[in-house]
Amino acid sequence: MSVLIVTSVGDIVVDLHTDRCPLTTKNFLKLCKIKYYNGCLFHNMEKDFLAQTGDPTGTGTGGNSIYKFLYGEQARFFEHEIRPELKHSKKGTVSMVSAGENLNASQFFFTLRDDIDYLDEKHTVFGMVEEKESFETLEKINEAFVDDKGRPLKNIRIKHTYVLDDPFDDPPQLTELIPDSSPDGRPHDEIVEERLEDDWVPLDEQMKPEELEELIHSKEAHTNAVVLESIGDIPDAEIKPPDNVLFVCKLNPVTEDEDLFTIFSRFGTVTSAEIIRDYKTGDSLCYAFIEFEKKEDCERAYFKMDNTLIDDRRIHVDFSQSVSKLWGQYRHGKKNQKDKGGCFKCGATDHYAKDCNGEKDGKKYVLKDENTQRGGYNNHKYDMVFDEDRLDREQKKQRVHAESTRKDRDHRDSDKGHHGSRNNEEERDNQSRYNERERDHRSRYHGEERGHKSRYHGEERDHKSRDRGEDENRRRKEIEGREYKSRERDECGDRRREEKDYRKGSGERDRYKHHEEHRHNRDSDERSHRERAGRDHRR
């Protein structure tokens, strides 16, 4: 009489003691037939001790026997069938988990080592694992990583159960309980937190090393982009640099914008070519940005111009990774507008440099305050976009400020000329009245201050005397409290260990009662001791 239990880490074949434990083995066989154990977690595991399962809730507090389904709620639990000859002497022993004396339901456990005499005559032994392959599965379960509560960090579940031999007849009501197909996945009653499922496979086992490294780099880049978006450095984490802009570095300081425009125009229409310069001196920083009208022209320039010689310097060309221009447009509310470029000679946006007539009456390059850099006037720096609005706004501010300053100065001069004498007389009268009020206030203040100081010193002496008495009482209470808490912690530790043993089905009622009586007597002695100490203290 045996049952095959298919778990997520292997198969286990259990041979049942149907002749010695008929009530328990019948319960186990019929629960397997109705697929009650499908999806149940191994919710409590202790290395080299036991592995517990059979609770659809996954908490260790649930589970019902087959007799509840057949005869009602009053038959949820059934009695022990403890036999002296059946002991927990071998690894792979299968026993029922009990919530107390004669309180067996659906939970059971496998022993993971030999000679666990502690469990003898407390749990019903109803089966044994015999096959070598089954012991290999138990060893995998024993080696699983668990948390501080004994639950595996990666779920281990019972996938299916197959009854290989059943000597008991099926009750008539059992047919209605057998499902049409074997259920898969989590049980409906499971309420524990979700963890890694048994079919989870690490990425390093699914992908090649180079693919995994590329995935990690892409995730790191996205994380950095999200951080930059949160602190306001870029408008969007998904933003990408333009694909029609080249970055040119290692330039000769004498190279001018017109030179780069002329050289790169052979590959297509260049909408802007700007060398980035020092914000104080205007000297070249030896790098520039070249923007093309078409992406294809930009790619041709990239392949042809890298490592070429310009003004006796071999330049390096790469695709731009800067989003400063896009960020500037976003900050100015131009996110959805397309930059039409312009002439880098005169700054106008209605024509390109090749069509410029040399008259510098167009819009100029200006300093922007959106992307700042250390130093400089008002912490500004150069940007590669046209911003005529800011220039007009600054000029308007200067005009308004100058006009306001001039009006205020004229108004003060006019008041000083027409009302100077009368103002002097009123000022002297006000000063005399102010001095008189100040003297009265000082005399009242000094008198009140002396009264406050005398009262304060008297109250301070009273407070200090009371504080000393209160400090002594508080220190005495703290010492008594620490002693009481230490005793309470020791008692709580003993109580938790006893309760844990009891929940695991120890069933040692007599010993538990003896300890309870001992604890009660000790608490009574402790209370009487504290009461006598209190009375002595009061006397």
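These notes cover the structure that comes with them. (Residues numbered from 1 in each chain as written. Predicted model: local features only at pLDDT ≥ 70, side-chain atom pairs only at ≥ 80, totals over all residues. Heavy atoms only, no water.)

**Regarding the overall build of the protein chain**
Alright, step 1. Helix and strand content of the protein chain: 12 helices and 16 strands.
Alright, step 2. The buried share among the 539 residues of the protein chain stands at 33%.
Alright, step 3. Across the protein chain, every contact between residues at least 6 apart in sequence was considered, and the portion connecting residues at least 24 apart equals 67%.
Alright, step 4. Summed over its atoms, the accessible surface of the protein chain is roughly 34,700 Å², and 47% of this surface lies on carbon and sulfur atoms. (Helix = DSSP H or I, 4+ residues; strand = E, 2+ residues; numbered from the N terminus. Buried < 20%, exposed > 50% of the residue type's maximum accessible area, 1.4 Å probe, protein only. Contact = heavy atoms within 4.5 Å. Areas by Shrake-Rupley, 256 points an atom, 1.4 Å probe, with all protein chains shown as cover.)

**Observations regarding a negative patch on the surface**
Alright, step 1. A cluster of acidic residues, Asp-15, Glu-130, Glu-131, Glu-133 and Glu-136, forms a negative patch on the protein surface.
Alright, step 2. Here Glu-133 lies in helix α3 (residues 132-142). (Patch = residues over 30% accessible without salt bridge, like charges linked within 9 Å, V, L, I, M, F, W, Y side chains within 5 Å. Salt bridge = Lys/Arg side-chain N within 4 Å of Asp/Glu carboxyl O. Lys, Arg positive; Asp, Glu negative; His and termini not counted. Charge placed at Lys NZ, Arg CZ, Asp CG, Glu CD.)

**Observations concerning the sheet that holds strand β14 (residues 316-319)**
Alright, step 1. Pairing is antiparallel in the open sheet, where four strands are placed in the order β10-β11-β9-β14. In this open sheet, the two strands that pair with only one neighbour each are β10 (270-277) and β14. Taking each pair of neighbouring strands and ignoring which way they run, the sheet shows an average axis angle of 20°.
Alright, step 2. With five bridges joining them, strand β9 (residues 245-249) and strand β11 (residues 284-292) adopt antiparallel strand pairing. By the bridge assignment, Leu-246 is partnered in β11 with Ile-290.
Alright, step 3. Contacting β9, β10 and β11, helix α7 (residues 257-264) crosses the sheet at an angle of about 145° to β10.
Alright, step 4. Across the sheet, helix α8 (residues 295-305) lies against β9, β11 and β14, angled at about 150° from β14, the strand it touches most. (Pairing = 2+ DSSP bridges. Axes fitted to C-alpha atoms, helices over the stretch in contact; angles between N-to-C directions.)

**What to know about the packing of aromatic side chains**
Alright, step 1. Across all of its chains, the model carries 16 aromatic pairs by this definition.
Alright, step 2. Seen in terms of ring centroids, Tyr-36 and Phe-69 are 5.7 Å apart; in terms of plane orientation they differ by 65°. Their pairing is edge-to-face. Remark: Phe-69 occurs in helix α2 (residues 66-71) and Tyr-36 occurs in the loop between α1 (22-33) and β3 (44-46); sequence separation between them is 33 residues.
Alright, step 3. Residue Tyr-36 is classed as buried on the basis of its relative accessible area of 16%.
Alright, step 4. Judged by its relative accessible area of 33%, Phe-69 falls in the partly exposed class.
Alright, step 5. By way of ring pairs, the aromatic residues Phe-28, Tyr-36, Tyr-37, Phe-42, Phe-69, Phe-108, Phe-110 and Phe-126 are connected into one cluster.
Alright, step 6. Against the face of Tyr-162 rests Lys-35, its NZ or CZ located 5.0 Å from the ring centre. (Phe/Tyr/Trp six-rings, centres within 6.5 Å; stacked < 30°, edge-to-face > 60°. Lys NZ or Arg CZ within 6 Å of the ring centre and 35° of its normal.)

**Describing the pattern of salt bridges**
Alright, step 1. Per the stated rule, a full pass over the model turns up 17 salt bridges.
Alright, step 2. Put simply, Asp-166 and Lys-33 hold a salt bridge, and the shortest N to O gap is 3.2 Å. Remark: Lys-33 occurs in helix α1 and Asp-166 occurs in the loop between β8 (158-163) and α4 (174-177); sequence separation between them is 133 residues.
Alright, step 3. The class for Lys-33 is partly exposed, based on a relative accessible area of 22%.

**Focus: the nonpolar core**
Alright, step 1. Core analysis: the largest hydrophobic core is formed by 36 residues, its most contacted members being Ile-5, Phe-28, Tyr-37, Phe-108 and Phe-110.
Alright, step 2. Listed by contribution, the elements that provide at least two residues to this core are β1 (2-7), β2 (10-16), α1, α2, β5 (93-98), β6 (104-111), β7 (125-129) and α3.
Alright, step 3. Leaving out residues up to four positions away in the same chain, Phe-28 has contacts with Val-3, Ile-5, Leu-16, Tyr-37, Phe-108 and Phe-126.
Alright, step 4. Of all hydrophobic cores here, the second largest spans 19 residues; its members include Phe-264, Ala-288, Met-305 and Val-317. (Core = buried A, V, L, I, M, F, W, Y, C linked by side-chain atoms within 4.5 Å.)

**Observations concerning unusual backbone geometry**
The phi torsion of most residues other than glycine is negative, and most of the peptide bonds are trans.
Alright, step 1. Within the chain, Asn-307 stands out as a residue other than glycine whose phi angle is a positive 70°.
Alright, step 2. Tracing the chain through its elements places Asn-307 in the loop between α8 and β12 (309-310).
Alright, step 3. Its relative accessible area of 48% is what places Asn-307 among the partly exposed residues.
Alright, step 4. Positive phi, close to 55°, is recorded for Asp-311, a residue that is not glycine.
Alright, step 5. With respect to the helices and strands, the residue Asp-311 is situated in the loop between β12 and β13 (313-314).

**Comments concerning the pairing of β7**
Alright, step 1. Among the five residues that make up β7, five are buried, leaving the element largely enclosed by the rest of the structure.
Alright, step 2. As paired strands, β2 and β7 are joined by three bridges and run antiparallel to one another. The residue bridging Asp-15 from the neighbouring strand is Met-128, located in β7.
Alright, step 3. Judged from the three bridges that link them, β5 and β7 form a sheet pairing that is antiparallel. Within the sheet, the bridge partner assigned to Ser-95 lies in β7 and is Val-125.

**Some details on the sheet that holds β1**
Alright, step 1. The strand order across the open sheet formed by eight strands is β3-β4-β6-β5-β7-β2-β1-β8, and the pairing between neighbours is antiparallel. Looking at strand neighbours, the two that pair on one side only are β3 and β8, the edges of this open sheet. For this sheet, the mean inter-axis angle between neighbouring strands, taken without regard to orientation, is 25°.
Alright, step 2. In terms of strand pairing, β5 meets β6 through four bridges, oriented antiparallel.

The analysis is restricted to geometry; functional conclusions fall outside its scope.
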